[in-house]
Number of protein chains: 2
Amino acid sequence: MGGAEDKDSNPVILERFIAVCGGAESRIAVIPTASRLDDTGERYVRLFTELGAGHAASLEYKEREDAARPDWLAYLREATGVFLTGGNQLRISTILGGTDVARTIRTANARGVPVGGTSAGAAILSEHMIAFGRSGATPRAGMVSLAPGLGLTNRVVIDQHFRQRDRIGRLLAALAYNPFAVGVGLDEDTAAFINADDVVEVCGSGAITVVDASHIEHSSMDEASEGDSICMTGIRLHVLTEGGRFDLHRRIATPPGREPVD
Amino acid sequence: MGGAEDKDSNPVILERFIAVCGGAESRIAVIPTASRLDDTGERYVRLFTELGAGHAASLEYKEREDAARPDWLAYLREATGVFLTGGNQLRISTILGGTDVARTIRTANARGVPVGGTSAGAAILSEHMIAFGRSGATPRAGMVSLAPGLGLTNRVVIDQHFRQRDRIGRLLAALAYNPFAVGVGLDEDTAAFINADDVVEVCGSGAITVVDASHIEHSSMDEASEGDSICMTGIRLHVLTEGGRFDLHRRIATPPGREPVD
C-alpha cells in the first residue's frame, strides 16, 4: 500500500487485506515499529477489528531487545497475516533486522501467510529497499539510497506516495544500479497484491507504475558523478489501475478486464 | 580478494583459486567487465594459464547486448570457475544485471562452481553490494551507497582495499541500515574463501575484518541526518589472518591452527 489508504468511506484495500488473511477467521499481527507515534498500532487494531478481522494485536517493537519477547513471538507465529504500518522504514530495518521477528515473518510468508504494509511498511518488504532519496522526475546519481529490507522477495523494488511525491526519478535511479529487479511505484490509497505465482494485482483509487528495466540497452550509472542526470535507454513502463496485473516472472502487463497475452 | 593480490613472487591466492576450480582440469571464465582497460582480461588469462589452470578465456562483456553472445554463454556454462576482475563494480551490475550472464553465474555457483573476484569483482558477488562511499573510521549517515550485486549470497556485505583505504566506517554504516548480514572487509593481497558450508577461510598476506552486527543493541541510523556520526553499540569484530576461519551460520570466529569452539 502506497500510504494514506482510505480508512473510512471506502476502505477497499484494508478490507481486501483482511480477506486474504482469512476474514472472520484471521489473526493479524500489527507491527507499528516504523512509527514514532504511540497510537499507530492500536489504531490499525481498531480498524482491522471494525472491518471484520477475527483478531488483531499490536506488537510494539521499539528497541532491539523487544524482539525477544516470547508472547509477541508466539502471536506472530500463529498469525494468519502481518501488517507493518507507515513511518520510517529504517526504524524497521535497524530495530528488527537480523532478529527472530524478521526470521519469523520471512518463514511465515514462505509458508503462505500474507505480509503487507503501508508506506514505510511496504518499502521494507523487499530485499532491496529504498531507504531515502530526493524527489524529481529525472534519475540522478546519488538521489536514492538503498538498504537491505525484510527480503520477502528480491524481484521488486517498491516506492510509495509515488505520484504525490514525484518519485519516478529515484525509482529509475535505484534500477539503474542493477536492472534485474522490477520497480513498483505505489500511489497513495493504492495497493499491489502479489499472489503466490508472483502476479501483482492493483487495488485502490490510484495507479501503480511498473518499471521493467530488464531490456535496458544502456545506462550511464557507472560513470555518472553525484547529481548528474543518468542516461537510460530501453526501459519499459506500465501504469496500471484497479484490476490491472503484472506477472513478475514473465514480465507481462495486463490491463483491467483483459486476459494475459504472451 | 581485496585487490592487488600478488601475481609474481608469491601468488598463493590465485594458485588456491585455480586449485578449487580443478587445477590442471579447470576451465576458468574471466569476466573483465569492471575494468575499462583493454588488456585486463587477457592478463588474467595469461596468469591463470602460467599458474597451471587447464584453460582460461576472457569474456569481454562491454555492453548489455554482448550478454546474449552464444559462444561466450556456452563457455560460461561449461566453466569450472568464474573470475571477475577489478575496476568499477557498477559497470558489472549495470552491464550484466538481469541478463543471462548473471543468471548463468548464479546457477553455476548454486551447483558448486567457484565464483571469485578481486576488488570490484569481489564486491559484486553478494546480494547487497557497496557501490561507492567515503573513507574514514567512523560510520556516518550517507557515507555508503548500496546497490544490488550478483546475489550469490546475502549473508555477507563485502568491502575491499580495506585497511589501505580506511573503510571500516563505511562497512559499519552499511550494516547500520540492517544488521542481518555479516560485514567482510578484505585487505589487499588477501582473500576470503567461502566453502559450501558457508565457512570463510582467510588466505594471503593481510587480514580480513569480520563485523558481526547480529547482536547490536542500538543504532541511531534511522534518526541520523546526512553526515552525522552513527551511534552503534554491541557490535562484534574479528580480525583474522591466514588460516583463520569464520562460520557465517553459527557466527563463530576461529584463529589459525585452532578448532572451532561453540
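Not measured: the values here are computed from a predicted model.

### Comments concerning the overall build of chain A
Phase 1: Each helix and strand counted, chain A has seven helices and 16 strands in total.
Phase 2: The C-alpha atoms of chain A give a radius of gyration of 18 Å, which matches the 18 Å a tight globule of 262 residues would have.
Phase 3: Across its three principal axes, chain A shows a C-alpha extent of roughly 50 × 45 × 30 Å.
Phase 4: By residue count, 60% of the 262 residues in chain A fall in the buried class.
Phase 5: Within chain A, contacts between residues separated by at least 24 positions form 70% of all contacts whose residues are at least 6 apart in sequence.
Phase 6: For chain A, the exposed area adds up to about 10,200 Å²; of that, 48% sits on carbon and sulfur atoms.

### A short note on the relation of the copies chain A and chain B
Phase 1: Each copy of the sequence occupies a distinct position, and chain A is placed on chain B by a rotation of 180° and an axial shift of 0.0 Å, giving an RMSD of 0.0 Å. Expressed as an axis order, the relation between the two copies is that of a two-fold axis. Residue Leu146 of chain A, judged by its C-alpha, is the member of chain A lying nearest the rotation axis, at 2.7 Å.
Phase 2: Residue by residue, 100% of the interface of chain A is reproduced at the interface of chain B, so both copies engage with the same surface.

### A word on the sheet that holds strand 14 (residues 236-241) of chain A
Within a sheet, adjacent strands bond to each other through the backbone by hydrogen bonds, running parallel or antiparallel.
Residue and element names in this part refer to chain A.
Phase 1: Strands sit in the order 7-8-11-14 across an open sheet of four strands; the sheet is mixed. Unpaired on one side and paired on the other, strand 7 (156-159) and strand 14 mark the two borders of the sheet. With direction set aside, neighbouring strand axes in the sheet form an average angle of 20°.
Phase 2: Bridge analysis of strand 11 (residues 207-212) against strand 14 gives six bridges, and the strand direction is antiparallel.

### Points about the UniProt feature "active site" (unreviewed entry) in chain A
Residue and element names in this part refer to chain A.
Phase 1: Summarizing the sequence annotation, UniProt attributes the feature "active site" (unreviewed entry) to Ser119, His161 and Glu188 in the numbering used throughout. Sequence-wise these annotated residues cover 70 residues; spatially they are packed, their C-alpha atoms never more than 8.4 Å apart.
Phase 2: Relative to the helices and strands, His161 resides in the loop between strand 7 and helix 7 (168-177).
Phase 3: Note on His161: relative accessible area 8%, which makes it buried.

### Details of the domain arrangement of chain A
Residues and elements named next belong to chain A.
Phase 1: As far as domains go, chain A holds domain 1 (1-125) and domain 2 (132-262).
Phase 2: Taking the mean C-alpha position of each, domain 1 and domain 2 sit 23 Å from one another.
Phase 3: With 26 residues of domain 1 in contact, the opposing surface of domain 2 contributes 21 residues.
Phase 4: Together, the buried faces of domain 1 and domain 2 total about 1,900 Å²; carbon and sulfur atoms form 64% of this surface.

### Thoughts on the interface of chain A and chain B
Phase 1: Each partner contributes residues to the interface: chain A has 33 residues there, and chain B has 33 residues.
Phase 2: For the pair chain A and chain B, the two sides together bury roughly 2,800 Å², of which 52% comes from carbon and sulfur.
Phase 3: Per-residue buried area on chain A facing chain B is highest for Arg64, Tyr177 and Asp222 of chain A; these three make up 22% of the total on that side.
Phase 4: Counting across the interface, chain A meets chain B through six salt bridges.
Phase 5: For the salt bridge of Arg91 of chain A with Asp222 of chain B, the shortest nitrogen-to-oxygen distance reads 3.8 Å.
Phase 6: Going through the elements one at a time, helix 4 (89-96), strand 5 (128-133), strand 6 (144-148), helix 7 and strand 12 (218-219) of chain A are the ones with two or more residues in the side of chain A that touches chain B.

### Looking at the packing of helix 3 (residues 70-78) of chain B against helix 5 (residues 100-110) of chain B
All names here are of chain B.
Phase 1: Helix 5 packs onto helix 3 with a crossing angle of 10° between their chain directions and a minimal axis gap of 9 Å. Our classification of the angle between helix 3 and helix 5 gives roughly parallel. Contacts between helix 3 and helix 5 involve Leu73, Leu76 and Arg77 from the first element and Asp100, Val101, Thr104 and Ile105 from the second.
Phase 2: Residues that form the contact of helix 3 with helix 5 fall into these classes: four nonpolar, one polar and two charged.

Parameters and conventions
Residues numbered from 1 in each chain as written. Chains lettered and ligands numbered in written order. Predicted model: local features only at pLDDT ≥ 70, side-chain atom pairs only at ≥ 80, totals over all residues. Heavy atoms only, no water. Helix = DSSP H or I, 4+ residues; strand = E, 2+ residues; numbered from the N terminus. Rg over C-alpha atoms; globule rule 2.2 N^0.38 Å. Buried < 20%, exposed > 50% of the residue type's maximum accessible area, 1.4 Å probe, protein only. Contact = heavy atoms within 4.5 Å. Areas by Shrake-Rupley, 256 points an atom, 1.4 Å probe, with all protein chains shown as cover. Least-squares fit on C-alpha atoms with pLDDT ≥ 70 in both. Pairing = 2+ DSSP bridges. Axes fitted to C-alpha atoms, helices over the stretch in contact; angles between N-to-C directions. UniProt positions renumbered as here; feature names shortened; annotations may be inferred. Domains from an automatic or database assignment. Buried area = accessible area lost by both parts, 1.4 Å probe. Salt bridge = Lys/Arg side-chain N within 4 Å of Asp/Glu carboxyl O. Parallel < 35°, antiparallel > 145°, perpendicular 65-115°, else oblique. Nonpolar A, V, L, I, M, F, W, Y, C, P; charged D, E, K, R; others polar.

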